[in-house]
Amino acid sequence: GLAGYTKSLVAELGDANITVNLLAPGHHLTDRSRELLGDDPSARDAVIADIPLGRIGDPADFGAIAAFVASEQANYITGSVITVDGGRTRSLL
């Protein structure tokens, strides 16, 4: 649903030179994810097993992409769904 909404906003806002992109996070090691995973190494290993890069992301990984998409260098990127999940999503969006 959000991807479709993003695409519709592109058509509505493009004339005003406003870009619209969707950032799709995967597992990142936030305070909440630490709480959910707890101290059980097997829970963390189960999450990591499904991530091709072999690690849970750092929130800074996601923040760097958000900063880039908001920067002048990304002024011609619009209507994109950018997945920041270490390769976990294997389908086309």
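One can find the structure itself at the top, above this paragraph.
Presented here is an overview of the structure given in this document. Computed from a predicted structure; not experimentally measured.

1. Examining the overall build of the protein
Right, on to step 1. Of regular secondary structure, the protein possesses four helices and two strands.
Right, on to step 2. Relative to the 2.2 N^0.38 estimate, which gives 12 Å for 93 residues, the radius of gyration of the protein is 16 Å and therefore markedly larger than a compact globule would have.
Right, on to step 3. On the principal axes, the C-alpha backbone points of the protein span a range of 50 × 25 × 20 Å.
Right, on to step 4. For the protein, the proportion of contacts with a sequence separation of at least 24, taken over those separated by at least 6, is 66%.
Right, on to step 5. Accessible surface, the protein as shown: approximately 6,400 Å² in total, 57% of it carbon and sulfur.
Right, on to step 6. Each charge class in the protein was averaged separately, 7 positive and 12 negative side chains, and the resulting centres sit 5 Å apart.

2. Looking at the side chain of Thr 6
Right, on to step 1. Among the secondary structure elements, Thr 6 is positioned in helix H1 (residues 2–13).
Right, on to step 2. If we ignore the near neighbours within four places in the chain, the residues touching Thr 6 are Val 20, Asn 21, Leu 22 and Gly 79.

3. Some points on the nonpolar core
Right, on to step 1. Counting residues in hydrophobic clusters, the biggest one holds five residues: Leu 29, Leu 37, Val 47, Ile 51 and Ile 56.
Right, on to step 2. Leave out the neighbours within four places in its chain, and Ile 56 touches His 27, His 28, Leu 29, Leu 37, Arg 44, Val 47, Ile 48 and Ile 51.

4. Regarding the environment of Leu 22
Right, on to step 1. Within the secondary structure layout, Leu 22 lies in strand E1 (residues 22–25).
Right, on to step 2. For Leu 22, a relative accessible area of 18% puts it in the buried group.
Right, on to step 3. In this view, Leu 22 contacts Leu 2, Ala 3, Thr 6, Ser 80, Val 81 and Ile 82; residues no more than four positions away in its chain are not counted.

5. Here's the deal with the environment of Asp 45
Right, on to step 1. Here Asp 45 is to be found in helix H3 (residues 41–49).
Right, on to step 2. On the accessibility criterion, Asp 45 (49% relative accessible area) is partly exposed.
Right, on to step 3. In sequence terms Asp 45 and Pro 25 are 20 residues apart; their C-alpha atoms lie 19 Å from each other.

Rules used in this analysis
Residues numbered from 1 in each chain as written. Predicted model: local features only at pLDDT ≥ 70, side-chain atom pairs only at ≥ 80, totals over all residues. Heavy atoms only, no water. Helix = DSSP H or I, 4+ residues; strand = E, 2+ residues; numbered from the N terminus. Rg over C-alpha atoms; globule rule 2.2 N^0.38 Å. Contact = heavy atoms within 4.5 Å. Areas by Shrake-Rupley, 256 points an atom, 1.4 Å probe, with all protein chains shown as cover. Lys, Arg positive; Asp, Glu negative; His and termini not counted. Charge placed at Lys NZ, Arg CZ, Asp CG, Glu CD. Core = buried A, V, L, I, M, F, W, Y, C linked by side-chain atoms within 4.5 Å. Buried < 20%, exposed > 50% of the residue type's maximum accessible area, 1.4 Å probe, protein only.

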